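# Descriptive analysis of the structure
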Amino acid sequence: ETGVTQTPRHLVMGMTNKKSLKCEQHLGHNAMYWYKQSAKKPLELMFVYSLEERVENNSVPSRFSPECPNSSHLFLHLHTLQPEDSALYLCASSQDGQGQFNEKLFFGSGTQLSVL
Amino acid sequence: GQQVMQIPQYQHVQEGEDFTTYCNSSTTLSNIQWYKQRPGGHPVFLIQLVKSGEVKKQKRLTFQFGEAKKNSSLHITATQTTDVGTYFCAVPDLYNFNKFYFGSGTKLNVKP
(Lines give C-alpha, C1' and ligand atoms only; values in the text may rest on other atoms or scores of the structure.)
Protein backbone atom coordinates (compact mmCIF):
# COMPACT_ATOMS: atom_id res chain seq x y z
CA GLU A 1 0.00 0.00 0.00
CA THR A 2 1.27 3.49 -0.77
CA GLY A 3 -1.59 5.44 0.79
CA VAL A 4 0.61 6.70 3.61
CA THR A 5 4.09 7.94 2.73
CA GLN A 6 6.82 8.60 5.27
CA THR A 7 10.16 10.32 4.75
CA PRO A 8 12.95 9.77 5.35
CA ARG A 9 13.08 5.97 5.55
CA HIS A 10 16.25 6.08 7.63
CA LEU A 11 17.70 8.82 9.81
CA VAL A 12 20.83 8.99 11.90
CA MET A 13 21.21 11.99 14.16
CA GLY A 14 23.30 13.20 17.02
CA MET A 15 21.82 14.17 20.34
CA THR A 16 22.21 17.88 19.61
CA ASN A 17 20.64 17.78 16.15
CA LYS A 18 17.21 18.97 15.10
CA LYS A 19 15.37 16.96 12.49
CA SER A 20 11.84 16.39 11.29
CA LEU A 21 9.93 13.34 10.15
CA LYS A 22 7.27 13.78 7.52
CA CYS A 23 4.11 11.85 6.80
CA GLU A 24 1.61 12.32 4.02
CA GLN A 25 -1.60 10.39 3.46
CA HIS A 26 -3.45 10.17 0.16
CA LEU A 27 -6.52 8.36 1.47
CA GLY A 28 -8.75 11.29 2.35
CA HIS A 29 -8.62 10.37 6.02
CA ASN A 30 -9.11 12.92 8.78
CA ALA A 31 -7.22 11.33 11.67
CA MET A 32 -3.44 10.83 11.82
CA TYR A 33 -1.17 9.21 14.36
CA TRP A 34 2.43 8.82 15.39
CA TYR A 35 3.48 5.47 16.86
CA LYS A 36 6.87 4.44 18.20
CA GLN A 37 8.04 0.84 17.75
CA SER A 38 11.15 -0.33 19.56
CA ALA A 39 12.56 -3.79 20.04
CA LYS A 40 11.67 -3.95 23.70
CA LYS A 41 8.21 -2.43 23.71
CA PRO A 42 5.03 -2.90 21.73
CA LEU A 43 3.71 -0.23 19.44
CA GLU A 44 3.40 2.90 21.57
CA LEU A 45 0.88 5.56 20.66
CA MET A 46 2.52 8.98 20.80
CA PHE A 47 0.15 11.49 19.24
CA VAL A 48 -3.31 11.55 17.71
CA TYR A 49 -4.72 14.27 15.49
CA SER A 50 -8.32 14.36 14.43
CA LEU A 51 -9.49 17.02 11.99
CA GLU A 52 -6.10 18.67 12.42
CA GLU A 53 -6.54 19.11 16.16
CA ARG A 54 -4.41 17.21 18.59
CA VAL A 55 -6.71 15.07 20.66
CA GLU A 56 -4.13 13.13 22.58
CA ASN A 57 -0.55 13.41 23.73
CA ASN A 58 0.34 10.19 25.47
CA SER A 59 2.77 11.78 27.95
CA VAL A 60 5.47 12.05 25.31
CA PRO A 61 8.64 13.99 26.23
CA SER A 62 8.77 17.55 24.93
CA ARG A 63 11.77 16.74 22.75
CA PHE A 64 9.15 15.30 20.38
CA SER A 65 6.94 17.98 18.87
CA PRO A 66 4.16 17.10 16.41
CA GLU A 67 2.65 19.36 13.80
CA CYS A 68 -0.42 18.77 11.66
CA PRO A 69 -0.86 21.66 9.20
CA ASN A 70 -3.74 19.95 7.36
CA SER A 71 -5.53 16.62 7.29
CA SER A 72 -3.07 15.14 4.79
CA HIS A 73 0.23 16.02 6.43
CA LEU A 74 1.80 15.21 9.76
CA PHE A 75 5.25 16.07 11.05
CA LEU A 76 7.28 15.01 14.04
CA HIS A 77 9.93 17.52 15.01
CA LEU A 78 12.86 16.08 16.92
CA HIS A 79 15.42 17.91 19.05
CA THR A 80 17.97 16.93 21.69
CA LEU A 81 17.00 13.28 21.48
CA GLN A 82 18.50 10.53 23.59
CA PRO A 83 19.95 7.21 22.41
CA GLU A 84 16.94 5.40 23.90
CA ASP A 85 14.76 7.27 21.41
CA SER A 86 16.22 5.12 18.64
CA ALA A 87 13.28 3.22 17.16
CA LEU A 88 11.00 2.82 14.18
CA TYR A 89 8.57 5.73 14.02
CA LEU A 90 5.36 4.86 12.26
CA CYS A 91 2.75 7.23 10.95
CA ALA A 92 -0.81 6.03 10.46
CA SER A 93 -4.12 7.43 9.31
CA SER A 94 -7.76 6.47 9.64
CA GLN A 95 -11.15 7.81 8.85
CA ASP A 96 -12.53 9.32 12.03
CA GLY A 97 -16.22 8.83 11.61
CA GLN A 98 -16.99 9.83 15.20
CA GLY A 99 -18.93 6.63 15.32
CA GLN A 100 -19.15 3.81 17.78
CA PHE A 101 -16.43 1.68 16.26
CA ASN A 102 -12.92 2.35 15.25
CA GLU A 103 -11.84 2.64 11.69
CA LYS A 104 -8.82 0.62 10.70
CA LEU A 105 -5.36 2.12 10.67
CA PHE A 106 -3.29 2.47 7.54
CA PHE A 107 0.41 2.64 8.34
CA GLY A 108 3.30 4.15 6.47
CA SER A 109 6.56 2.27 6.04
CA GLY A 110 8.13 4.10 8.96
CA THR A 111 11.31 6.02 9.65
CA GLN A 112 14.08 4.00 11.28
CA LEU A 113 15.74 6.49 13.61
CA SER A 114 19.14 6.04 15.20
CA VAL A 115 20.32 8.54 17.80
CA LEU A 116 24.06 8.54 18.42
CA GLY B 1 -4.34 3.70 28.86
CA GLN B 2 -6.00 0.51 27.84
CA GLN B 3 -3.81 -2.58 28.15
CA VAL B 4 -4.04 -5.88 26.42
CA MET B 5 -1.94 -8.98 27.04
CA GLN B 6 -0.88 -11.02 24.04
CA ILE B 7 0.65 -14.49 24.14
CA PRO B 8 2.85 -16.17 23.20
CA GLN B 9 5.65 -13.76 22.46
CA TYR B 10 7.27 -16.09 19.96
CA GLN B 11 6.17 -19.19 18.10
CA HIS B 12 8.32 -21.39 15.89
CA VAL B 13 6.45 -23.94 13.80
CA GLN B 14 7.18 -26.35 11.02
CA GLU B 15 5.44 -25.53 7.78
CA GLY B 16 2.06 -27.20 7.78
CA GLU B 17 1.55 -26.95 11.53
CA ASP B 18 -1.13 -24.79 13.06
CA PHE B 19 -0.57 -21.56 15.00
CA THR B 20 -2.63 -19.61 17.49
CA THR B 21 -2.09 -16.28 19.22
CA TYR B 22 -4.27 -14.92 22.02
CA CYS B 23 -5.16 -11.48 23.31
CA ASN B 24 -6.70 -10.83 26.71
CA SER B 25 -8.11 -7.67 28.21
CA SER B 26 -9.19 -6.98 31.78
CA THR B 27 -12.04 -4.81 30.54
CA THR B 28 -14.87 -5.42 28.11
CA LEU B 29 -13.98 -4.28 24.63
CA SER B 30 -16.21 -2.61 22.08
CA ASN B 31 -14.20 -4.25 19.32
CA ILE B 32 -10.77 -5.63 18.54
CA GLN B 33 -8.58 -5.44 15.47
CA TRP B 34 -5.79 -7.68 14.22
CA TYR B 35 -2.73 -6.61 12.24
CA LYS B 36 0.19 -8.41 10.62
CA GLN B 37 3.68 -6.99 10.27
CA ARG B 38 6.08 -8.75 7.94
CA PRO B 39 9.81 -8.59 8.79
CA GLY B 40 11.07 -5.15 7.82
CA GLY B 41 7.55 -4.00 7.04
CA HIS B 42 4.77 -2.07 8.66
CA PRO B 43 1.57 -3.30 10.33
CA VAL B 44 -1.24 -4.14 7.92
CA PHE B 45 -4.85 -4.43 8.99
CA LEU B 46 -6.32 -7.93 8.84
CA ILE B 47 -9.74 -7.79 10.44
CA GLN B 48 -12.02 -6.19 13.01
CA LEU B 49 -14.30 -8.13 15.37
CA VAL B 50 -17.26 -6.41 16.94
CA LYS B 51 -19.89 -8.89 18.13
CA SER B 52 -19.75 -11.15 21.15
CA GLY B 53 -18.70 -14.66 20.13
CA GLU B 54 -18.01 -13.54 16.58
CA VAL B 55 -15.98 -15.84 14.33
CA LYS B 56 -14.56 -14.66 11.03
CA LYS B 57 -12.47 -16.53 8.51
CA GLN B 58 -10.01 -15.40 5.87
CA LYS B 59 -8.79 -18.46 3.98
CA ARG B 60 -6.58 -20.29 6.52
CA LEU B 61 -6.99 -17.60 9.20
CA THR B 62 -9.76 -17.83 11.80
CA PHE B 63 -10.46 -14.96 14.15
CA GLN B 64 -12.60 -15.26 17.28
CA PHE B 65 -13.99 -12.74 19.74
CA GLY B 66 -14.86 -14.10 23.16
CA GLU B 67 -18.40 -14.22 24.48
CA ALA B 68 -17.52 -11.70 27.18
CA LYS B 69 -15.68 -9.52 24.65
CA LYS B 70 -12.54 -9.62 26.77
CA ASN B 71 -10.42 -11.93 24.67
CA SER B 72 -9.71 -12.82 21.11
CA SER B 73 -7.68 -15.32 19.15
CA LEU B 74 -6.15 -15.69 15.72
CA HIS B 75 -5.65 -19.22 14.44
CA ILE B 76 -3.76 -20.14 11.30
CA THR B 77 -4.32 -23.60 9.86
CA ALA B 78 -1.48 -25.34 8.02
CA THR B 79 1.02 -22.51 8.18
CA GLN B 80 3.04 -21.48 5.16
CA THR B 81 6.30 -19.56 4.93
CA THR B 82 4.30 -16.56 3.75
CA ASP B 83 2.68 -16.42 7.20
CA VAL B 84 5.96 -15.36 8.78
CA GLY B 85 5.67 -12.08 10.67
CA THR B 86 4.41 -10.54 13.85
CA TYR B 87 0.71 -10.57 14.61
CA PHE B 88 -0.73 -7.79 16.77
CA CYS B 89 -4.10 -7.26 18.30
CA ALA B 90 -5.26 -3.69 18.82
CA VAL B 91 -7.97 -2.44 21.14
CA PRO B 92 -9.66 0.95 21.39
CA ASP B 93 -9.41 3.31 24.29
CA LEU B 94 -12.47 3.26 26.52
CA TYR B 95 -13.21 6.93 25.99
CA ASN B 96 -11.55 7.93 22.74
CA PHE B 97 -12.31 5.93 19.63
CA ASN B 98 -9.37 7.48 17.84
CA LYS B 99 -6.92 5.76 20.14
CA PHE B 100 -5.73 2.22 19.59
CA TYR B 101 -3.55 0.27 21.97
CA PHE B 102 -1.54 -2.61 20.57
CA GLY B 103 -0.64 -5.89 22.18
CA SER B 104 3.02 -6.84 22.38
CA GLY B 105 2.65 -9.07 19.34
CA THR B 106 3.38 -12.70 18.58
CA LYS B 107 6.31 -13.28 16.29
CA LEU B 108 5.71 -16.30 14.07
CA ASN B 109 8.56 -18.13 12.38
CA VAL B 110 7.74 -20.92 9.94
CA LYS B 111 10.41 -23.42 9.01
CA PRO B 112 10.08 -24.89 5.52
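Residues numbered from 1 in each chain as written. Chains lettered and ligands numbered in written order. Predicted model: local features only at pLDDT ≥ 70, side-chain atom pairs only at ≥ 80, totals over all residues. Heavy atoms only, no water.

## Brief notes about the pairing of strand β2 (residues 10–13) of chain A
Residues and elements named next belong to chain A. For the record, the criterion: Accessible area is worked out with a 1.4 Å probe on protein chains only. A residue is then buried under 20% of its type maximum, exposed over 50%, and partly exposed in between. Strands here are runs of E lasting at least two residues and helices are runs of H or I lasting at least four, both read from the DSSP assignment and numbered beginning at the N terminus. Pairing between strands requires that DSSP locate at least two bridges from one strand to the other.
Only one face of β2 is buried, namely the one carrying Leu11 and Met13, since none of His10 and Val12 on the opposite face is buried. Taken together, the four bridges between β2 and strand β11 (residues 111–115) define a ladder with parallel strand orientation. Looking at the pairing, Leu11 lines up with Leu113 of β11.

## What to know about the pattern of salt bridges
All names here are of chain B. The condition is simple: Salt-bridge detection follows one rule: a side-chain nitrogen of Lys or Arg within 4 Å of a carboxyl oxygen of Asp or Glu.
On inspection of all chains with the given rule, the structure shows four salt bridges over all chains. A salt bridge links Lys56 to Glu54, with the shortest nitrogen-to-oxygen separation between them at 3.7 Å. Among the residues examined, Glu54 registers a relative accessible area of 16% and is labelled buried. With a shortest N-O distance of 3.9 Å, Lys99 and Asp93 are connected by a salt bridge. Across the pair, Asp93 and Lys99 agree in class, each one buried.

## A short note on the environment of Leu46 of chain B
Residue and element names in this part refer to chain B. Short version of the rule: Residues are treated as being in contact if the distance between any of their heavy atoms lies within 4.5 Å.
Take Leu46: it is sitting in strand β5 (residues 44–49). When its relative accessible area of 17% is taken as the criterion, Leu46 is described as buried. Remark: the alpha-carbon pair of Leu46 and Gln33, spanning 13 residues in sequence, is separated by 7.4 Å. Sequence-distant contacts of Leu46, defined by excluding residues within four places in its chain, comprise Trp34, Tyr35, Lys36, Gln58, Leu61, Phe63 and Tyr87.

## Re the sheet that holds strand β7 (residues 61–65) of chain B
Residue and element names in this part refer to chain B. Let me state the cut-off plainly: In this analysis, axes come from line fits to C-alpha atoms, helices being fitted only over the stretch in contact, and the angle between any two N-to-C directions falls in the range 0 to 180 degrees.
Taking strand neighbours across the sheet as the criterion, the five strands line up as β1-β3-β8-β7-β6 in an open arrangement whose pairing is antiparallel. Bordering the open sheet on either side are β1 (4–7) and β6 (55–58), each of which pairs with just one other strand. Geometrically, the sheet is characterised by an average inter-axis angle of 15° between neighbouring strands, direction not taken into account. When β7 meets strand β8 (residues 71–76), the two strands line up antiparallel, connected through five bridges. Directly across from Gln64, in β8, lies its bridge partner Ser73.

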